[in-house]
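So the chains spell out like this:
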Amino acid sequence: MLLVLVLLQVCLCCLRLGSTEVVTSFENTCPEFFFGKTPPGDALETDSAARICQRYKNQYHYATLYDRNQRIPIYSAYLYQPGDGKRPNTWMVEPQLMGSSYPKEMKTEWTLMTMLNVSQNEIKKSQAVLQDYKNLTNYNRGHLNPNGHQPNPDSKASTFTLTNIVPQYEKLNGGQWNNYEQSIMATRTADCAETYVVVGVVPGNNYIAKGRVNKPSHIWSAACCVVDNNHRRSWAVIAENDKNAVSLVTLGELEEQLTGLYHKGTVSLFHSDCPRN
């Protein structure tokens with residue numbers, strides 16, 4: 001009887017300390033990826049949104065708000081910490097979008113199907129799968145949190161989950177958006193002690209994969225740079241997802257544009273201590 005009580009106490013402790021990947025609150029589970037530990041406001045929420053603290057090898061690497069019905073991320077939030085390393089090539093999915101009884105960190109489809117006897121149809125109910133992105137014309141897999149903005153092999157690998165991917169216009173992904181990710185971000189963050197980033201999309205009216213996966217109308221990115229305790233800067237970009245062009249704007253201008261595009265109230269991407277101009 002004593003042994004049973006001890007095991008029960010251990011299990012309860014694990015339930016308190018262990019955090020699932022699909023969570024009810026970013027603030028309580030992985031707030032470190034948001035400036036001032038404050039996620040974007042409710043204006044970006046959708047009816048089928050899931051909060052994912054992206055977990056890989058028992059560590060959180062960034063946070064994603066994912067739309068189960070549209071099967072795309074609405075945004076991913078992370079710390080900009082670029083590091084050297086090879087580009088990963090293994091794609092994963094989020095088991096807990098199927099239910100809380102599934103593994104707490106991202107897995108490959110093959111692992112779920114062969115090791116846990118999960119059918120691909122079951123996975124497809126709540127998220128995109130690799131098959132959805134095959135045979136696309138003019139579009140490819142676009143990262144919200146790019147592996148090049150992560151510091152080590154594990155954090156880079158964690159960006160290769162389809163919950164961090166949207167259908168992105170191919171010329172934009174390999175053109176001006178890539179230039180922003182690789183060159184402009186490096187220049188603008190030169191004096192930043194920390195840079196908090198939120199990259200997101202505006203869901204569009206078109207789909208890929210026979211209506212399964214939404215094709216965003218716009219892709220945007222916002223950065224809040226902490227120079228020191230007394231100095232902060234911000235900047236942002238937005239792009240239409242059918243043109244190879246990126247517009248550099250202020251954080252305030254982006255929030256104003258997104259407020260008009262989402263039609264769900266005033267958009268706020270960062271804590272109010274991050275300057276808007």
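Residues numbered from 1 in each chain as written. Predicted model: local features only at pLDDT ≥ 70, side-chain atom pairs only at ≥ 80, totals over all residues. Heavy atoms only, no water.

**Observations regarding the packing of aromatic side chains**
Going through the model one piece at a time under the given rule, you end up with six aromatic pairs. Both rings, one in Trp177 and one in Tyr180, keep their centres 6.1 Å apart while their planes meet at 50°; by these two values the pair is tilted. In this pair, Trp177 and Tyr180 both sit in helix α7 (residues 176–188), three residues apart, roughly one turn of the helix. Given the relative accessible area of 1%, Trp177 is considered buried. The exposure class assigned to Tyr180 is buried, which follows from its relative accessible area of 3%. Site record: aromatic cluster; members linked through ring pairs are Phe26, Phe34 and Tyr75. Over the ring of Tyr139 we find Lys215; its NZ or CZ atom is 4.2 Å from the centre of that ring. (Phe/Tyr/Trp six-rings, centres within 6.5 Å; stacked < 30°, edge-to-face > 60°. Helix = DSSP H or I, 4+ residues; strand = E, 2+ residues; numbered from the N terminus. Buried < 20%, exposed > 50% of the residue type's maximum accessible area, 1.4 Å probe, protein only. Lys NZ or Arg CZ within 6 Å of the ring centre and 35° of its normal.)

**Thoughts on the state of the cysteines**
As enumerated under the stated definition, the model contains three disulfides in all. Disulfide pairing is shown between Cys192 and Cys225; the S-S distance is 2.1 Å. Where Cys192 bonds to Cys225 through sulfur, the torsion about that S-S bond is close to -110°, and the disulfide is left-handed. With Cys192 in the loop between α7 and β7 (194–202) and Cys225 in strand β10 (residues 218–228), the pair connects residues that are 33 residues apart, well separated along the chain. (Disulfide = S-S within 2.5 Å.)

**As for the side chain of Thr108**
Structurally, Thr108 is set in the loop between β4 (72–79) and α3 (109–115). Given a relative accessible area of 18%, Thr108 falls into the buried group. A polar atom in the side chain of Thr108 sits 2.8 Å from the side chain of Thr111. When sequence neighbours within four positions are dropped, the list of residues in contact with Thr108 reads Thr90, Trp91 and Met92. (Polar contact = N/O pair within 3.5 Å; in protein donor to acceptor, adjacent residues only side chain to side chain. Contact = heavy atoms within 4.5 Å.)

**Some details on α7**
For α7, the principal kink sits at Gln182 and spans about 25°. If you follow the buried residues of α7, they end up packed against β5 (139–143), β6 (165–169), α6 (170–173), β7, β10 and β11 (231–240). (Bend = angle between axes of the 7 residues up to and from the residue.)

**A look at the side chain of Ser76**
Within the element layout of this structure, Ser76 appears in strand β4. Within the local environment of Ser76, its side chain forms a polar contact with the side chain of Thr64, the two groups lying 2.9 Å apart. Filtering out sequence-adjacent residues up to four positions away, Ser76 remains in contact with Tyr62, Ala63, Thr64, Leu144, Asn145, Asn164, Val197, Val198 and Val199.

**Topic: the pattern of salt bridges**
As enumerated under the stated definition, the model contains eight salt bridges in all. One salt bridge in this structure joins Lys57 and Asp154, with 3.4 Å as the shortest N-O distance. With Lys57 in the loop between β2 (49–56) and β3 (59–67) and Asp154 in helix α5 (residues 153–158), this pair connects stretches of sequence that are 97 residues apart. Connected via shared salt-bridge partners are Glu240, Asp242 and Lys243. (Salt bridge = Lys/Arg side-chain N within 4 Å of Asp/Glu carboxyl O.)

**Quick word on the environment of Ile74**
For Ile74, the position within the fold is in strand β4. Apart from residues no more than four positions distant in its own chain, Ile74 is found in contact with Leu44, Thr46, Leu65, Tyr66, Asp67, Leu144, Val199, Gly200, Val201, Pro203, Trp220 and Tyr262.

**Here we look at the nonpolar core**
Ranked by size, the top nonpolar core spans 41 residues in total, and within it Ile123, Tyr133, Trp177, Val197 and Trp235 carry the most contacts. Among the secondary structure elements, those contributing two or more residues to this core are β2, β3, β4, β6, α7, β7, β10 and β11. The residues contacting Trp235, other than those within four sequence positions of it, are Tyr180, Met185, Arg188, Thr189, Cys192, Thr195, Ser221, Ala222, Ala223, Cys225 and Val249. (Core = buried A, V, L, I, M, F, W, Y, C linked by side-chain atoms within 4.5 Å.)

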